[in-house]
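Architecture and fold: a report
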Amino acid sequence: MWKSFRIGSLFGIPLRLDITFLIILPVFAWIIGAQIEIMVDILNDFFDAGIDATTVSEGNRPWILGFISAIGLFVGVVLHELGHSLTARRYGFPIESITLWLLGGVASFREMPEDWRQELNIAIAGPIVSIAVGVLSYGLFLITPEFADSVGTVTFQGALFVFSYLAILNVFLAVFNMIPAFPMDGGRVLRALLARNRPYAKATQQAASIGRMFAIFFGIFGLLAFNIILIAIAFFIYIAASGEERHVMLKAAFEGVTIGDIMTPKDRLRLVEPSLTIDELIQRMFRERHTGYPVMTDGRLIGLVTLADAQQAQRSGQQGMTVENVMSTDLETIDPDTDVMEAIDRMQREKIGRLLVVDNDQLVGLVTRTDVMTALEILQRSGTMAFATTEVSSERPQL
Ligand code: ZN
C-alpha cells in the first residue's frame, strides 16, 4: 500500500496523512485559486456575500485563499470522519486511525456493527457533522463584518470568501456522501435500511450492486466532463464495493467454521527435516507438487520452508545449503479454534500463503489459501452457503 505517516491524534484516534494527500492538497488549492472569480460570483449571488472580486483575485491572493480554503476543507473532512469514528466508538467499536488521502478521509474500523441501527447511526453521523460544520462556517461568515474595521480590507474580503466557500463545500460534502453508492455513507445507510428485513449478506450484495451502478455512472460522467477526481472516485467505489461484498460473503459462508475444520491435519502433512539439502527439497516439491513444508526435528516444529526460500538459495549459488539455512523461523501461527475469516484476513494483510496451526505449542496442522478456497467451494456446492447471518464484521473503507 501507499505510505502514510502519523501527524497526531484526536480523541485518542491516530490521525494519518497518506502520501497521496500531499499531492491532492496543492491541486485543490490550485483549482480553487484558478476559479476564484467564478466562485466569488456564485457566493455573491447565493449569500449576497458582498465579496470584492478585484481585491481577492489580485496578485498571489487567489493561491493563498485557495490554500487556506483547501486546508479548511480537509479540516471539515477530518471532523466528518470523527463523526463516524466517535459514534462507532460509542457502540464499542475500536477505531484504528483516520487517514487523509487522495479522495478525502478514511476512518479505519476493525469490526463492523452487527446491528443495522448502529450502522445507520455511524454512517449518518459523518454527513450530520459536515452539515454542522457548514452551518458553523456560515455563522463565521455572518459575524465577519463585525471585525471589518479591526482587520485590513484584504483580510476581511479573504475571510468573507473562505467562510462562505467552506459553508457551501461542507454542505456539498454531506450531500455528495449521502448518494447511495455503497460503500459511501449513503450506501451504508441503504445497506442498513435493507438489512432491517433481510439477511445482512443479502443486503450487502444488493447495496454493492447499486454502488457499482453508481460507480459506472460516475465513471462515464467523469470521462465526459473530463473530471479526473470523479473518475478516481468511480474506481474507488467499484473496487471497494466489490471488496467489501466479497468479504461479507466469505464471512457468511464461513460462519461457525473454524481453522480446525478446514486445515490439513498433522498426520496428512508432508514434513521435512532441517538437514535436507536444497536440491532434494526442490525435487520433492516437483514430485509432490507442494510448495511449502513445515520443518520438524525430534517431533518439534522449528521452521517453515517454501519454494521462494529454495529458489533464493539456488540463486545465491552457494553449495551444500540445507533447509535449516534457508527456512523461516519467524513463524506465522494460528489457533485451531480461530474463525476461518480471521485467517483469510491475516493471510491477506500479511501477504502470506499459509499459516501453521498450533495448539498448546504443538503443531496440529497447516492451513493454506488453497485449503480455504477448497473449503469455500465445498460449502457453496453443498448449499450451506447461508445468507442467514447478521453477525458480520469487516474492515470498512469509508469516504
Ligand atoms: Zn463519511
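To keep things clear, this report deals only with the structure shown in the data block.

The rules behind each value
- Here, residues in each chain are numbered from 1, in the same order as that chain's written sequence.
- Predicted model: local features are reported for residues with pLDDT of at least 70 only, side-chain atom pairs are reported and counted for 80 or more only, and whole-chain, interface and lining totals are derived from all residues.
- With hydrogens and water stripped out, all remaining heavy atoms of the structure feed into the side-chain values.
- Only buried residues count toward a nonpolar core, which is a set of Ala, Val, Leu, Ile, Met, Phe, Trp, Tyr and Cys residues joined through side-chain atoms within 4.5 Å.
- Buried, partly exposed and exposed residues are distinguished by accessible area as a fraction of the type maximum, computed with a 1.4 Å probe on protein chains only: under 20%, between the cut-offs, and over 50%, respectively.
- In this text, helices come from DSSP runs of H or I with a minimum length of four residues, and strands from runs of E with a minimum of two, each type numbered from the N-terminal end.
- Residue contacts follow a heavy-atom distance rule, with two residues in contact if any of their heavy atoms lie within 4.5 Å.
- Strands are labelled as partners when DSSP assigns at least two bridges between them.
- As a rule, the C-alpha atoms of each element are fitted with a line to give its axis, helices using only the stretch in contact, and angles between N-to-C directions run from 0 to 180 degrees.
- Salt bridges are counted wherever a side-chain nitrogen of Lys or Arg sits within 4 Å of a carboxyl oxygen of Asp or Glu.
- By convention, a crossover is right-handed whenever its connection, traced from the first strand over the helix to the second and viewed with the strands pointing away, goes clockwise.
- Each helix should span, by expectation, one fewer than its residue count multiplied by 1.5 Å.
- The arc under discussion is defined with respect to the helix axis, by the directions toward the C-beta atoms.

1. Quick notes on the nonpolar core
By size, the foremost hydrophobic cluster in this structure holds 41 residues, and its most contacted members are Phe21, Leu43, Ile51, Phe74, Leu100, Phe161 and Tyr165. For this core, the elements supplying multiple residues, two or more each, are strand E2 (13-18), helix H1 (21-34), helix H2 (36-47), helix H4 (61-90), strand E3 (95-101), strand E4 (104-109), helix H5 (116-143) and helix H6 (153-177). The element that contributes the greatest number of residues to this core is H6, accounting for nine residues. Those residues in contact with Tyr165 that sit more than four places away from it in its chain are Ile32, Met39, Leu43 and Ser69. Counting residues in each nonpolar core, the second largest holds 20 residues, with Leu250, Met341, Ala343 and Leu355 among its members.

2. Side note on the sheet that holds E2
Across the sheet, which stays open at both edges, the four strands sit in the order E1-E2-E3-E4 with mixed pairing between neighbours. Of all the strands in the sheet, just strand E1 (4-10) and E4 have a single pairing partner and so form its edges. If you compare each strand with its neighbour and ignore which way they point, the axes differ by 25° on average. Taken together, the six bridges between E1 and E2 define a ladder with antiparallel strand orientation. Residue pairing in the sheet places Ser9 in a bridge with Pro14 of E2. Contacting E1, E2 and E3, H1 crosses the sheet at an angle of about 70° to E2.

3. Overview of the pattern of salt bridges
According to the stated counting rule, one finds 10 salt bridges in the structure shown. Arg191 is the partner of Glu119 in a salt bridge, and the nearest nitrogen-oxygen pair spans 2.9 Å. Remark: Arg191 occurs in helix H7 (residues 185-194) and Glu119 occurs in helix H5; sequence separation between them is 72 residues. Classification of Arg191 by relative accessible area gives buried; the value is 0%. Of the charged contacts in the structure, one is a salt bridge between Arg270 and Glu288, with a shortest N-O distance of 3.5 Å. Here Arg270 is found in the loop between strand E5 (264-265) and helix H11 (278-288), whereas its partner Glu288 is found in helix H11, with 18 residues between them in sequence. Classification of Arg270 by relative accessible area gives partly exposed; the value is 36%. The class for Glu288 is partly exposed, based on a relative accessible area of 23%.

4. Quick word on the pairing of strand E9 (residues 354-359)
With respect to burial, E9 is a largely interior element, five of its six residues being buried. Here strand E8 (residues 333-334) runs beside E9; their pairing, made up of two bridges, is parallel. Residue Thr333 lies in a different strand from E9, and its bridge partner there is Leu356. Considered for its hand, the β-α-β crossover made up of E8, helix H14 (residues 340-350) and E9 is right-handed. With six bridges connecting them, E9 and strand E10 (residues 362-368) associate as antiparallel partners. By the bridge assignment for E10, Leu355 is matched with Val367. The hairpin turn running from E9 into E10, its antiparallel successor, is two residues long, and Asn360 in that turn takes a positive phi close to 50°.

5. A closer look at H2
Since the α-helix packs 3.6 residues into each turn, any two residues three or four apart lie on the same face. Its 12 residues give H2 an end-to-end C-alpha distance of 16 Å, which sits within 8% of 16 Å, the value for a rise of 1.5 Å per residue. Among the residues of H2, Ile36, Met39, Val40, Leu43, Asn44 and Phe47 are the ones counted as buried. The arc that holds every buried residue of H2, seen down its axis, measures 135°, which confines them to one face. Exposed residues on H2 whose side chains face more than 90 degrees from its buried face are Ile38, Asp45 and Phe46.

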